Amino acid sequence: MQFSAGSALLAILLLWSGWAPFDRTTWLLEIFPVLLVWPLLWRSRQSYPLTPLLYSLILWHAAVLILGGAYTYARVPLGFWLMDWFALDRNPYDKIGHLMQGFVPVLAAREILLRGCYVQGKKMLQFLLLCIVLAISAGYELIEWAAAVMLGQGADEFLGTQGYAWDTQADMAFALLGAVLALLLLSRWHDRQLASCHV
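Thresholds applied
Residues numbered from 1 in each chain as written. Predicted model: local features only at pLDDT ≥ 70, side-chain atom pairs only at ≥ 80, totals over all residues. Heavy atoms only, no water. Helix = DSSP H or I, 4+ residues; strand = E, 2+ residues; numbered from the N terminus. Rg over C-alpha atoms; globule rule 2.2 N^0.38 Å. Buried < 20%, exposed > 50% of the residue type's maximum accessible area, 1.4 Å probe, protein only. Contact = heavy atoms within 4.5 Å. Areas by Shrake-Rupley, 256 points an atom, 1.4 Å probe, with all protein chains shown as cover. Salt bridge = Lys/Arg side-chain N within 4 Å of Asp/Glu carboxyl O.

Q: Hey, could you go over the overall build of the protein chain for me, with residue numbers and the actual values?
A: When helices and strands are counted, the protein chain shows eight helices and zero strands. Listing every helix and strand of the protein chain by position from the N terminus yields α-α-α-α-α-α-α-α. Whereas a compact globule of 199 residues would reach a radius of gyration of roughly 16 Å, the protein chain reaches 17 Å, a difference of no more than 12%. The dimensions of the protein chain, computed from C-alpha atoms along their principal axes, are 50 × 35 × 35 Å. Sorting the 199 residues of the protein chain into buried and exposed places 43% on the buried side. Across the protein chain, contacts joining residues at least 24 apart in sequence account for 72% of those joining residues at least 6 apart. Here the protein chain has roughly 11,300 Å² of accessible surface; of this, 71% comes from carbon and sulfur atoms.

This is the structure in structure tokens:
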């Protein structure tokens, strides 16, 4: 997908989600990463263009965040469908978000490290990539904790724990799983796109 087409789709999603979200504060907290990252990508698209694969995955990740912001993670209809399908006791949509939190950033980090020739050796690259994903995931959990402290009871929609005591640990495990899946499934495709990248 072309960057401009992706940007137009992203703008439509943001407008739709912000029209009447379930909780305005939660919506702002959930879409904040999109509002932070997409302008940076727009500004760097000429000087440091990313692979088409990475741009597409970032768009998908943004869509997951936007959808979670519109409904709150505990109320996304797709999550209720998955809940019924797999006979779960809670809406699992937040786990999709955390899976993406590993799946997409690991390829972004991979692209930066490989293009900059910062790491020599495949095993060291894989190790550092997983460390980066876990650091991002832990950082996000700290942000959630800070939001819970500042917002008090109002943070429940943002946290989306749904009473699950091990939610923080499960979130980080899903991010790690997403990173491992991305490396297993997409590394060769990513390598082919990186080989044709001249910037």
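Resuming the write-up.
Q: Can you break down the pattern of salt bridges residue by residue, with the values?
A: Here the structure, examined in full by the defined rule, presents seven salt bridges. Among the salt bridges present, the one from K95 reaches D167, with a minimum N-O distance of 2.7 Å. One end of the pair, K95, is in helix α5 (residues 93-115); the other, D167, is in helix α8 (residues 167-195), with 72 residues separating them in the sequence. Of the two residues, K95 and D167, neither departs from the other in class, the shared state being buried. For D171, the salt bridge is made with K95, and the minimal N-O distance between the two is 2.5 Å. Of the two residues, D171 sits in helix α8 while K95 sits in helix α5, which places them 76 residues apart along the sequence. With relative accessibility at 8%, the residue K95 sits in the buried group.

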